[in-house]
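Fold and contact review
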Amino acid sequence: MLNVFAKVFGTRNDKEIKKYQKRIIEINSLEEKYQSLSDENLQNEFFKLKTSVLDKKKTLDDVLYQSFAITKEASKRILGLRHHDVQLVGGMVLHEHKIAEMKTGEGKTLVATLAVALNAMENKGVHVVTVNDYLASRDAKELEPLYNFLGFSVGVIANSNQDDELRKKEYDADITYGTNNEFGFDYLRDNMKYDLEEKVQRLHNFVIVDEVDSILIDEARTPLIISGPTNQKTADYAKSDAIARKLVRGQTIEPKKSDEKVIHTGDFTVDEKNKVILITDQGIGKAEELYGVDNLYSLENAMLSHYLDQALKANHIFEKDVDYVVKDNEVIIVDEFTGRLSEGRRFSEGLHQALEAKEKVTIQEESQTLADITFQNYFRMYNKLSGMTGTAQTEATEFTEIYKLEVISIPTNVPVTRIDKNDLIYKSEREKFEAVSAKIKELHKKGQPVLVGTASIEKSEHLHELLEKAKIPHTVLNAKQHEKEGKIIADAGNRSAITIATNMAGRGVDIKLSEEVIKLGGLAIIGTERHESRRIDNQLRGRSGRQGDAGVSQFYLSLEDSLLRIFGSDKIKGIMERLGIKEGEHIESRMVTRAVENAQKKVEAMHFESRKHLLEYDDVANKQRKVIYNFRNELLDEKYDITAKLDGHREEYVSLLLADLDIFPDSSYEDYDLDRLISRLKEDLNISLEKSTFENKNYEELSDFTLASLNKIYAQKMGLAIDDQKSEIERILYLQILDNTWREHLYSMDTLKTGIGLRGYNQKDPLVEYKKESYNMFLELVESIKFEITKILFTVQLSEEEEENKDKEVIDKILTDMQSGQENMTMNLASDGTPIAPQEKKIARNEPCPCGSGKKYKHCCGKSGPKKGLAARN
């Protein structure tokens, strides 16, 4: 019924094309005007359009006709290529945030120039995404003269070996070509940088994705992940465990009178009720001696105090066979509510590694996700997304639902004359390949070129062996060497050429035919198996019959093929048996071809649901990612008021602390546990306050006094620093905590996602449960970040010293350590495994000066004018 209506009234696609055709008349009407202009005057006309857009006097839509007409004329002069009317339609489709479906050979690369030149006028950058480095470099090189003529610069993000400085320059160009992987990974790497100036990408304004179905459909299920080793050093856990065992456990002696202090004996005390360890001054001194450091709480040793705290908890609070068990050289958590083993779960914040060190089992250094994003969410960040491909209509629903992209099928410039024959179906795979080999031999003898598409490398190699036995010359491609493949695919239309390729090999390269080959029947396409997606089959067929050339395509199938084996092979097998099909014979029927296509539709629908389901999960993480990355960018901005942020954190800490100690506005003074309050302040922030100062206060007075005390102590601690050093210390430490906690959160989210499906057995929707749990985890993450930065800024000890630049050294060291972690990450991603050269060793201020004077470096070449400064106490 729908088909009848479409024939009578026309489809929506037909109506859209008619609208574009009316606009083409307007564009072509300007052709004579621009033809008569000199190159210089033509450039001036384009510059005037660009100026009117930048001055906000006109919109891009206002100047579309003139821009397209000038680009068309410039292309004719510079490239020797004139845009056809259907290519003008394609350009308008791309500009309007849609997908242009154009058959192979219709000149999609040239189509893009129209929308690129128009949108580049805004000076916000235009990205053109291709499926491989070869196509990115080729297109940029071929089109650069045109773009340069119009006043635009062109950049190429070719491979991972480019350094950041070069990549930044390429992204700063008006138009940037590159692959989807490079664009995505650069975005993730940018959000791990510690300086806004180091970021390479700029705005995500307008992007055209070439072969959009390959990138946004086929690769959508594969997320981009940057992973690396965890920051913890396993040796530090083992060393901390050994030191913890040497410290002597003491006692907490409660005061008998109100004016007496709580006394802590030994090296540390244990509050088993609240699971808290308190290290005494005596214990700190002993630990510093055992670690071989001067100050356990200095900036550079901040993690050691954390390791020691966890080691003491592991040895004195957590019990084997109660809180955990040791099984198969692993520490496994015991669920405190069910008593069951929680295999796969791990304690966070290094506690699990501390328990592994205690039990002398292997301390696991986990490789963790440092940053991740799916292509779906990366490309949806752009203000405007559009795409081009030869095959998109079969996935139109997915493009609309996921990306809000409408697919417009654009008519060919010349009608397609390729003959698409019905499928041939054989009983066995062996018979099918024998028939394919015989057909290739027949066509080769005639001189007609053949392109054979296979579903896998394994099948390519099998056919290669058969042709070698038959002594038929041929070339095999398996989508590995893109540049070499581009050349071979381009030559696949030569007389007698036989090319075997996996379906994706050489994509984006046209196969041009000579007159002689066209007379022989054009390029013959043989498919050795139906793909799960009709789109991939259509891509293979589309290699033949470009620009109205002659051509033929046919698929050879067998009942042993994956698709037929899973869907409907019994029915087809029954037909073959009833017809008495013998060895080597086949059936050829439009009905059978339709049955195969219906099977493909089922598989496509199944994959669409799978991708949609994965996206629903990733959308949850994506919202959190945006919040964290936006806040991270604020921290990197030197104008950001971090002081106000930290003031708010301290105020929030006091409120949460009192609530945690059951001290509320309606609580009576008799219910206040001031000893616990003082103990917590000591444990959390390493500050000591007299109990008497807290006595006889109501809730509001107690809250205000506690906050005022914290603010005073913090101001004194930071008062030694000059303003820029103070804010730099705060900013760098905040970034370090933010990055570390975000990475741990990503790990927890992965773990949650892995097991969430089991909730379905309990009649619960796993997605709803995932959203609920991940939201709660994110709230905990935010609270954890606030607490950790408050804690570390109080516990880290800073002191005034004559070593005037020591504070800057420490900051630089932290930054270097953080960035070295990124170097490890980058090396993990490097395809060639080339190690990154280590940075030149920095001279410590107390080392002998390298000039040979015999003085210390700080008193010689490293000397600067005396000034008051803040330094971490060594």
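Described in the following lines is the structure provided in the data block. (Residues numbered from 1 in each chain as written. Predicted model: local features only at pLDDT ≥ 70, side-chain atom pairs only at ≥ 80, totals over all residues. Heavy atoms only, no water.)

Moving on to the overall build of the protein chain. Of regular secondary structure, the protein chain possesses 31 helices and 26 strands. Within the protein chain, the proportion of its 874 residues that are buried is 50%. Taking contacts inside the protein chain between residues at least 6 apart in sequence as the whole, the part at least 24 apart equals 73%. A total accessible area of about 41900 Å² is found for the protein chain, and carbon and sulfur atoms account for 50% of it. (Helix = DSSP H or I, 4+ residues; strand = E, 2+ residues; numbered from the N terminus. Buried < 20%, exposed > 50% of the residue type's maximum accessible area, 1.4 Å probe, protein only. Contact = heavy atoms within 4.5 Å. Areas by Shrake-Rupley, 256 points an atom, 1.4 Å probe, with all protein chains shown as cover.)

Here the focus is the packing of helix 12 (residues 234-246) against helix 15 (residues 351-358). Running from N to C, helix 12 and helix 15 point in directions that differ by 65°, and their axes come no closer than 9 Å. Our classification of the angle between helix 12 and helix 15 gives roughly perpendicular. Handedness of the helix 12/helix 15 crossing: right-handed. Between helix 12 and helix 15, the residues in contact are Tyr237, Ala238, Asp241 and Arg245 and Gln353, Ala354, Ala357 and Lys358, respectively. Classifying every residue of the contact of helix 12 with helix 15 by side-chain character gives 4 nonpolar, 1 polar and 3 charged. (Axes fitted to C-alpha atoms, helices over the stretch in contact; angles between N-to-C directions. Parallel < 35°, antiparallel > 145°, perpendicular 65-115°, else oblique. Left-handed = near helix turned anticlockwise from the far one by under 90°. Nonpolar A, V, L, I, M, F, W, Y, C, P; charged D, E, K, R; others polar.)

In this section: the sheet that holds strand 12 (residues 330-334). With antiparallel pairing, the 3 strands of this open sheet are ordered in space as 11-12-13. Both outer strands of the open sheet, strand 11 (324-327) and strand 13 (341-342), are each paired with one neighbouring strand and no more. In the sheet, strand 12 pairs with strand 13 via 2 bridges, with the strands oriented antiparallel. Looking across to strand 13, one finds that isoleucine 333 is bridged to serine 342. (Pairing = 2+ DSSP bridges.)

The subject of this paragraph is the environment of valine 414. Tracing the chain through its elements places valine 414 in the loop between strand 16 (406-409) and strand 17 (419-420). For valine 414, a relative accessible area of 33% puts it in the partly exposed group. As a C-alpha pair, valine 414 and aspartate 549 span 135 residues in sequence and 9.0 Å in three-dimensional space. Residues within four places of valine 414 in sequence aside, it is in contact with Gln547 and Gly548.

So, about the packing of helix 27 (residues 674-685) against helix 28 (residues 699-718). Here helix 27 crosses helix 28 at 25°, and the two axes come no closer than 13 Å. In terms of axis orientation, helix 27 runs roughly parallel to helix 28. By crossing handedness, the relation of helix 27 to helix 28 is classed as right-handed. Facing helix 27, whose interface residues are Leu674, Leu677, Leu681 and Leu685, helix 28 presents Leu702, Thr706 and Leu710.

Taken as a whole and assessed by the stated rule, the structure comprises 54 salt bridges. For the salt bridge of glutamate 16 with lysine 98, the shortest nitrogen-to-oxygen distance reads 3.5 Å. Taken together, the residues glutamate 16 in helix 2 (residues 12-28) and lysine 98 in strand 1 (residues 98-101) connect sequence positions 82 residues apart. The same class applies to glutamate 16 and to lysine 98, which are both buried. A salt bridge links lysine 459 to glutamate 429; the nearest nitrogen and oxygen atoms lie 3.2 Å apart. With lysine 459 in helix 19 (residues 457-469) and glutamate 429 in helix 18 (residues 429-446), this residue pair connects regions lying 30 residues apart in the sequence. By relative accessible area, which is 16% here, lysine 459 ends up buried. It is possible to trace a salt-bridge network through shared partners that takes in Arg12, Glu16, Lys19, Arg23, Glu96, Lys98 and Glu406. (Salt bridge = Lys/Arg side-chain N within 4 Å of Asp/Glu carboxyl O.)

Residue position: arginine 543 is located in the loop between helix 22 (534-541) and strand 23 (551-558). Along the chain, arginine 543 and alanine 492 lie 51 residues apart, while their C-alpha atoms are 9.9 Å from each other.

This part covers a negative patch on the surface. A surface patch of like charges, here negative, comprises Asp195, Glu197, Glu198, Glu634, Asp637 and Glu638. Note that glutamate 634 resides in helix 25 (residues 590-636). Residue classification places glutamate 634 among the partly exposed residues on the basis of a relative accessible area of 39%. (Patch = residues over 30% accessible without salt bridge, like charges linked within 9 Å, V, L, I, M, F, W, Y side chains within 5 Å. Lys, Arg positive; Asp, Glu negative; His and termini not counted. Charge placed at Lys NZ, Arg CZ, Asp CG, Glu CD.)

Right, let's talk about the pairing of strand 5 (residues 206-210) for a bit. Across the 5 residues that make up strand 5, a large majority, 5, are buried. Of the two faces of strand 5, both are covered, the one formed by Phe206, Ile208 and Asp210 as well as the one formed by Val207 and Val209. In this sheet, strand 5 lies alongside strand 2 (residues 126-130) in parallel orientation, the contact comprising 4 bridges. Bridging across to strand 5, valine 128 finds its partner in isoleucine 208. Bridging between strand 5 and strand 15 (residues 384-389) involves 5 bridges; their strand directions are parallel. Note on strand 15: the bridge partner recorded for valine 209 is glycine 387.

Let us look at the side chain of lysine 98. Assessed through its relative accessible area of 12%, lysine 98 is described here as buried. Reaching out from lysine 98, the side chain makes a polar contact with the side chain of glutamate 96 at a distance of 3.4 Å. (Polar contact = N/O pair within 3.5 Å; in protein donor to acceptor, adjacent residues only side chain to side chain.)

The strand order 3-4-2-5-15-1-16 describes an open sheet built from 7 strands, whose pairing is parallel. In this open sheet, the two edge strands, each paired with only one partner strand, are strand 3 (154-157) and strand 16. Neighbour-to-neighbour, the strand axes of the sheet open up by a mean angle of 20°, direction not taken into account. Its contacts with the sheet place helix 2 against strand 1 and strand 16, and it is angled at close to 75° to strand 16.

What follows is about the packing of aromatic side chains. Enumeration according to the criterion identifies 18 aromatic pairs in this entry. Note on tyrosine 426 and tyrosine 556: the rings are 6.3 Å apart at their centroids and 5° apart in plane angle, and the pair reads as stacked. Within this pair, whereas tyrosine 426 is found in strand 18 (residues 424-426), its partner tyrosine 556 is found in strand 23, the two being separated by 130 residues in sequence. Overall, the relative accessible area of 4% leaves tyrosine 426 in the buried class. Centroid distance phenylalanine 631 to tyrosine 640: 6.3 Å. Interplanar angle 75°. Geometry classified as edge-to-face. Overall, the relative accessible area of 14% leaves phenylalanine 631 in the buried class. Relative accessible area serves as the criterion here: at 22%, tyrosine 640 is assigned to the partly exposed category. (Phe/Tyr/Trp six-rings, centres within 6.5 Å; stacked < 30°, edge-to-face > 60°.)

Let's shift gears to the pairing of strand 15. With 6 of its 6 residues buried, strand 15 lies for the most part within the structure. In strand 15, alternate side chains face the same way, and those of Lys384, Ser386 and Met388 on one face and Leu385, Gly387 and Thr389 on the other are all buried. Pairing of strand 1 with strand 15 involves 3 bridges; the strand directions are parallel. Bridging from a neighbouring strand, alanine 100 pairs with methionine 388 of strand 15.

Moving on to unusual backbone geometry. The phi dihedral of lysine 56 falls on the positive side, at around 65°, and the residue is not glycine. In this fold, lysine 56 is placed in the loop between helix 4 (39-54) and helix 5 (64-78). Although it is not a glycine, glutamate 211 sits at a positive phi angle of roughly 50°. Structurally, the position occupied by glutamate 211 is in the loop between strand 5 and helix 11 (212-218).

Its location among the elements puts histidine 95 in helix 6 (residues 85-95). Within the local environment of histidine 95, its side chain forms a polar contact with the side chain of aspartate 61, the two groups lying 2.7 Å apart.

Moving on, we get to helix 2. Residue pairs three or four apart in sequence face the same way in an α-helix, which turns once every 3.6 residues. Here helix 2 contains 17 residues, and its C-alpha end-to-end distance of 25 Å stays within 8% of the 24 Å for a straight helix at 1.5 Å per residue. Along helix 2, the residues classified as buried are Asn13, Glu16, Ile17, Tyr20, Ile24 and Ile27. Buried residues of helix 2, viewed axially, fall in a sector of 95°; they line one side. Residues of helix 2 that are exposed and point more than 90 degrees away from the buried face comprise Lys18, Lys19, Lys22 and Ile25. Contacts from the buried residues of helix 2 go to helix 3 (31-35), helix 5, helix 6, strand 1 and strand 16. (Expected span 1.5 Å × (residues − 1). Arc of directions from axis to C-beta.)

These values are about where atoms sit, not about what they do.
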